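# Structural overview for review
Take a look at the letters that make up each chain.
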Amino acid sequence: QCIPSMLKEYLDTLTTRIVDAISPYDTITIDEKDPDFFGRSEAYLTTEAYLSATCASRARSLRATLDIDDDRMSLSMDDYEAVVDEFHGANMCWNKSKVVPRATTIITEHPGRTDERRMYRLTFHHRHRVLVEDSYLPHVLAEGREAMARNRQRSLYTNKPKDDWSGDYDAWSSVKFEHPSTFATLAMDPGRKQQILDDLEMFHDGKDFYASVGKAWKRGYLLFGPPGTGKSTMIAAIANFLHYDVYDLELTAVKSNSELRRLFIDTKDKSIIVIEDIDCSIDLTGKRKKKGKTKQKKKDDDNESKVTLSGVLNFIDGLWSGCGGERVIVFTTNHKENLDPALIRRGRMDMHIEMSYCCFESFKVLANNYLGVTDHSLFTEIQKLLGEVNMSPADVAENLMPRSKKKDADAYLGRLVTALKEKAVAGDKGEEEDDSSDEDEEEEGSKKNDNTDKDDDGK
Ligand SMILES: Nc1ncnc2c1ncn2[C@@H]1O[C@H](COP(=O)(O)OP(=O)(O)OP(=O)(O)O)[C@@H](O)[C@H]1O
Ligand SMILES: [Mg+2]
């Protein structure tokens, strides 16, 4: 403290030069404070996330933090700890240190807040300099961002009516997204499920590919099928698989195309934008017959919403869709045939996924989910009945739902057999669930279909 600051600076510089001259190691420092903003630098947070996800647990002394709304503690290296990360045969040594200001002149209202500055310092051999700059640091950045995306609390957003918007970023309101559905618990044809997973993985890791072919980094999925076949459940499973936020767009509350554009611009990256029951949300086609419509639908039509088909098409893949990246757009409908072909052509809705009545493979997933049963003497009979009767996975699940803590598989499977038999006797092929008495030609497509893997591609 007695050394004048100019002399100290000179001594520091001299020391650094001497060390550089004799040491074979290079160092890179990543500072906690962002020089341009208050708050912590992105480089520091990303590095911390990378180290926590990869090698920080090897440190003996760890620091635990709990963010507001978080359910579990996150662990990172404690101050003055060091860990070694191996990358392509080279040792990357990470230290965490902190600088404590010599004298605290400001006493803040928050006693816990100090002017301490933490930093990560990466030390590596000089011969790995190119490797570090060209490969290791980009690797740390990419993996760190991925880890941050995995750890963050995800949200479910819904659009507010325009009158309630205030400020610049208030078009959406949100709650925590905590839906438990996953692809493991989703009942559908295993081959089709794998295709969807592969497609999602390709999309998720496809940033460079999309850039190389000059396409905006987004993908559209059309989920269609009768009620209770798992369309909404699939959306939650996709969100959990990709670790994305969900924007549930209520199209009937949007009054104009410009409002729609503004809503789109206000969505963040790594998100799924969902429009459920797109055919009921708005009359986009002009083709739908009016005679069988319910009162509610008629009222919606009378509202003369100014959102037009071209507005929605622009929203999906107009120029504006290029702002930001990593967006998945999902439409659901019970009646694919009512949608305008322009709306669902490939490039807009890239993959058409039919969710159909419960097949035996789907039933096995549900039996395992609900009863923990993978085989049973009633399975053969159930397989035969499911081949004859259309029952939605929602109805099958309801029959398998345990009514007490004691899971009596015999009783619940027996109940399902009875329900299937009753349906078979009634000659009910599932159409009673279909509220579309007004539809002109109802195709066979939405009827019994064990081959859930058929879509327009013939996939
Ligand atoms: N394929 C499925 N796998 C697992 N559970 C399912 C499946 N389909 C339906 N279920 C169960 O049935 C309930 C209703 O399903 P969901 O809301 O996903 O149907 P939907 O296809 O979106 O129906 P709607 O067309 O009426 O919106 C869910 O809560 C879920 O528990
Ligand atoms: Mg639904």
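In the block above lies the structure referred to throughout.
The text that follows walks through the structure, step by step, so that each part is easy to find. On a predicted model such as this, the values are computed, not experimentally measured, just so you know.

### Re the pairing of strand S13 (residues 351-354)
Neither face of S13 is open: one carries Met-351 and Ile-353, the other His-352 and Glu-354, and all of them are buried. Strand direction decides the pairing type here: strand S9 (residues 218-224) and S13, joined by four bridges, are parallel. Its bridge partner lying in S13, Tyr-221 is registered against Met-351.

### A word on unusual backbone geometry
Of note in the backbone geometry, His-88 takes a positive phi value of approximately 45° without being a glycine. Tracing the chain through its elements places His-88 in the loop between strand S4 (82-87) and strand S5 (90-99). By relative accessible area, His-88 is classed as exposed at 65%.

### Points about the layout of surface pockets
In this structure, the second largest pocket occupies an estimated 410 Å³ of space. Taken together, 22 residues line the second largest pocket, and the ones lying closest to its centre are Gly-228, Thr-229, Gly-230, Thr-233 and Pro-393. Of all the secondary structure elements, the ones that give two or more residues to the lining of the second largest pocket are helix H6 (231-242), helix H12 (360-371) and helix H14 (393-400). Residues of the lining of the second largest pocket, tallied by class, amount to nine nonpolar, 10 polar and three charged. Split by domain, the residues of the lining of the second largest pocket number at least three in each of domain 2 (155-354) and domain 3 (360-453).

### Notes on H6
Three or four residues apart is the spacing at which side chains of an α-helix point the same way, because the helix has 3.6 residues per turn. Here H6 contains 12 residues, and its C-alpha end-to-end distance of 17 Å stays within 8% of the 16 Å for a straight helix at 1.5 Å per residue. In terms of burial, H6 is largely enclosed, as nine of its 12 residues are buried. In this fold, the buried residues of H6 make contact with helix H4 (190-204), S9, strand S10 (245-248), strand S11 (271-275), strand S12 (327-333) and S13. His-243 sits one or two positions beyond H6 and adopts a positive phi of about 60°.

### A word on the site of ligand 1
Close to ligand 1 lie 15 residues; Ala-187, Gly-228, Lys-231, Ser-232 and Thr-233 are nearest. Side-chain polar atom of Lys-231 to an oxygen atom of ligand 1: 2.7 Å apart, as the coordinates give it. In this structure, Ser-232 approaches ligand 1 through a side-chain N or O atom, which is 2.8 Å from an oxygen atom. Burial of ligand 1 by the protein chains amounts to 72% of its free accessible area of 620 Å². Because more than half of its atoms lie within 2 Å of the grid, ligand 1 is assigned to the second largest pocket. Where the shell around ligand 1 is concerned, the elements lending two or more residues are H6, H12 and H14. Per-element accounting of the shell around ligand 1 gives the leading share, three residues, to H6. For the shell around ligand 1, the per-class residue count stands at seven nonpolar, seven polar and one charged. The two domains that each donate at least three residues to the shell around ligand 1 are domain 2 (155-354) and domain 3 (360-453).

### Details of the sheet that holds S5
One open sheet holds the four strands; their spatial order is S1-S6-S5-S4, and the pairing between them is antiparallel. The outermost strands of the open sheet, each flanked by one partner alone, are strand S1 (25-31) and S4. On average, adjacent strands in this sheet sit at an angle of 25° to one another, irrespective of strand direction. By the bridge criterion, six bridges tie S4 to S5 in an arrangement that is antiparallel. Paired with Val-83 across the strands is Trp-94, a residue of S5. Across the sheet, helix H2 (residues 42-54) is in contact with S1, S4, S5 and strand S6 (117-125); its angle to S6 comes to roughly 65°.

The rules behind the values
Residues numbered from 1 in each chain as written. Chains lettered and ligands numbered in written order. Predicted model: local features only at pLDDT ≥ 70, side-chain atom pairs only at ≥ 80, totals over all residues. Heavy atoms only, no water. Buried < 20%, exposed > 50% of the residue type's maximum accessible area, 1.4 Å probe, protein only. Helix = DSSP H or I, 4+ residues; strand = E, 2+ residues; numbered from the N terminus. Pairing = 2+ DSSP bridges. 1 Å grid on protein atoms, 1.4 Å probe; cavity = no way out; pocket = protein on both sides within 12 Å on 5 of 7 lines; lining within 4 Å. Points joined across faces, edges and corners; volume = space filled by probe spheres on them. Nonpolar A, V, L, I, M, F, W, Y, C, P; charged D, E, K, R; others polar. Domains from an automatic or database assignment. Expected span 1.5 Å × (residues − 1). Contact = heavy atoms within 4.5 Å. Near = heavy atom within 4 Å. Polar contact = N/O pair within 3.5 Å; in protein donor to acceptor, adjacent residues only side chain to side chain. Areas by Shrake-Rupley, 256 points an atom, 1.4 Å probe, with all protein chains shown as cover. Sits in = over half its atoms within 2 Å of the grid points. Axes fitted to C-alpha atoms, helices over the stretch in contact; angles between N-to-C directions.

All quantities given are derived from atomic positions and should not be read as evidence of function.
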